[in-house]
Amino acid sequence: MADKIKTTRTKELEFGGSIGALLMLIFLPGTVLYLLLTCNTADASVFQVPGPLPPLETLWNPFALTLLLGWMSLQAVLYMLPMGTNYHMFLSNQIGLILYLLAAFYAFLVSAVLAGVAVTLRVPLSYVYDHFLEFAVASGIISLALSIFLYIKSLAAPESALAPGGNSGNPLYDFFIGHELNPRIGSFDLKYFCELRPGLIGWCLINLCFLMKDIELRGSASLSMILVCGFQGLYVMDALWHEEAILTTMDIVHDGFGFMLAFGDLCWVPFTYSLQAYFLVRHPQELSTLAAIGIVLLNAVGYIIFRGANSQKNAFRRNPSDPSVTGLETIPTATGKKLLVSGWWGLVRHPNYLGDLIMALAWSLPCGLGHILPYFYVIYFTGLLIHREARDEHQCLKKYGLAWQEYCKRVPYRIFPYIY
């Protein structure tokens, strides 16, 4: 019966089509390599070429590859354990309900306990810092191998399982954007696993390794390092605790699982989002108590906006009659759903993005104002969220039509109040 559902060819190609996909296949790994090499230079200047590239043989570390595969295997085992809360979700291009087990936060707790044991036993976690570039290369290799497997697997998938945005018929573009929507091996959802587990939890583990290196070099971790690791740890725990929310994102419901998400989840996130902590090991920054308090307050403001907006949206989606959202104004749509037009969602169209960007700035400020490199995340994330917001707008206009146009009139600002 599933074969009777036909997925039409993708007509609107993003990222510049096949040429853009080819460039991104080179640009994304190249950016990771450039950032890490630059961070290792004495002045950490992004405006200077970071010296000659290290010999290729020095970038290949079988032990780093083995450790990464072991980490992914551990997370896969935790993913398959029968713990957590059942969640059923209907995917638009598949027949029936898909069962997800919400247990990512438990996987984080188990990982945290194991990391604590490693610290207690004096396992040299600083090895990750000393060989970080080799770990990044190994992660890129794993991402590429997974992407090739995913594309080959997608060629045998029924048409109903293909991604609406990754069925162009162009192999290069579909390989990059993702040909199959939610590829599974049995009940193991590969995309859902990679979205939250190995890369996101791995980001926290990498930060811990950098913190231990900081202690090894200076006898104690700096206040700047503690703030960065604390802020980012809170962010990851929040994402894992509210795991259900990931199931309604564009990554899950629209984008296929190809190189873009595989590389993003397994390499880009853990090896660029940890850049501030990596920077602070070699370029320590003194932070006054007053400055630290200000940065903590800024992060708190961002988190309140981010969490408040997402919680309001999720409560409304689950139950529009929930007491926390019953007093909010809404706009009815032709699909039978309603759009929030007050509360956080009456401030700007994407208040969660606003909170995200404020937190991103707070993560960078502990690195001081003398280098632009630690601010890569907030600069990149601003561009990413503006691009994602444009994709959201396009999809919402197609889905809600006149109701979305009315919402845009009522809430004219997209992310930044009175600016954009």
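See above for the structure.
Residues numbered from 1 in each chain as written. Predicted model: local features only at pLDDT ≥ 70, side-chain atom pairs only at ≥ 80, totals over all residues. Heavy atoms only, no water.

1. Focus: the pattern of salt bridges
Turning to step 1, where the next piece is worked out: Applying the stated criterion to the full structure yields nine salt bridges.
Turning to step 2, where the next piece is worked out: Between Asp189 and Arg184 there is a salt bridge; the shortest N-O distance is 3.5 Å.
Turning to step 3, where the next piece is worked out: Among the residues examined, Arg184 registers a relative accessible area of 22% and is labelled partly exposed.
Turning to step 4, where the next piece is worked out: Among the ionic pairs, Glu216 bridges to Lys213, the shortest N-O distance being 3.2 Å. One end of the pair, Glu216, and the other, Lys213, are both in helix 9 (residues 198-218), three residues apart, so they sit about a helical turn from each other.
Turning to step 5, where the next piece is worked out: Overall, Lys213 belongs to the buried group, its relative accessible area being 8%.
Turning to step 6, where the next piece is worked out: A cluster of three or more residues bridged by salt bridges with shared partners is formed by Asp130, Lys213 and Glu216. (Salt bridge = Lys/Arg side-chain N within 4 Å of Asp/Glu carboxyl O. Buried < 20%, exposed > 50% of the residue type's maximum accessible area, 1.4 Å probe, protein only. Helix = DSSP H or I, 4+ residues; strand = E, 2+ residues; numbered from the N terminus.)

2. Some points on the packing of aromatic side chains
Turning to step 1, where the next piece is worked out: Scanning the entire structure with this criterion turns up 33 aromatic pairs.
Turning to step 2, where the next piece is worked out: Geometrically, the ring pair formed by Phe105 and Phe108 is stacked, given 6.2 Å between the ring centres and 25 degrees between the ring planes. Within this pair, Phe105 and its partner Phe108 are both found in helix 4 (residues 104-120), separated by three residues, close to a single helical turn. Take Phe105 and Phe108: they sit in the same class, and that class is buried.
Turning to step 3, where the next piece is worked out: Each ring, one from Tyr380 and one from Phe381, has its centre 6.4 Å from the other, and the planes form 45 degrees; the classification is tilted. (Phe/Tyr/Trp six-rings, centres within 6.5 Å; stacked < 30°, edge-to-face > 60°.)

3. So, helix 17 (residues 402-410)
Turning to step 1, where the next piece is worked out: Where helix 17 is concerned, the buried positions are Ala403, Trp404, Tyr407 and Cys408. Taken around the axis of helix 17, the buried residues stretch over an arc of 140 degrees, which confines them to a single face. In helix 17, the exposed positions that point more than 90 degrees away from the buried face belong to Leu402 and Lys409.
Turning to step 2, where the next piece is worked out: Here the buried face of helix 17 lies against strand 5 (330-332), strand 6 (338-340) and helix 16 (376-400). (Arc of directions from axis to C-beta. Contact = heavy atoms within 4.5 Å.)

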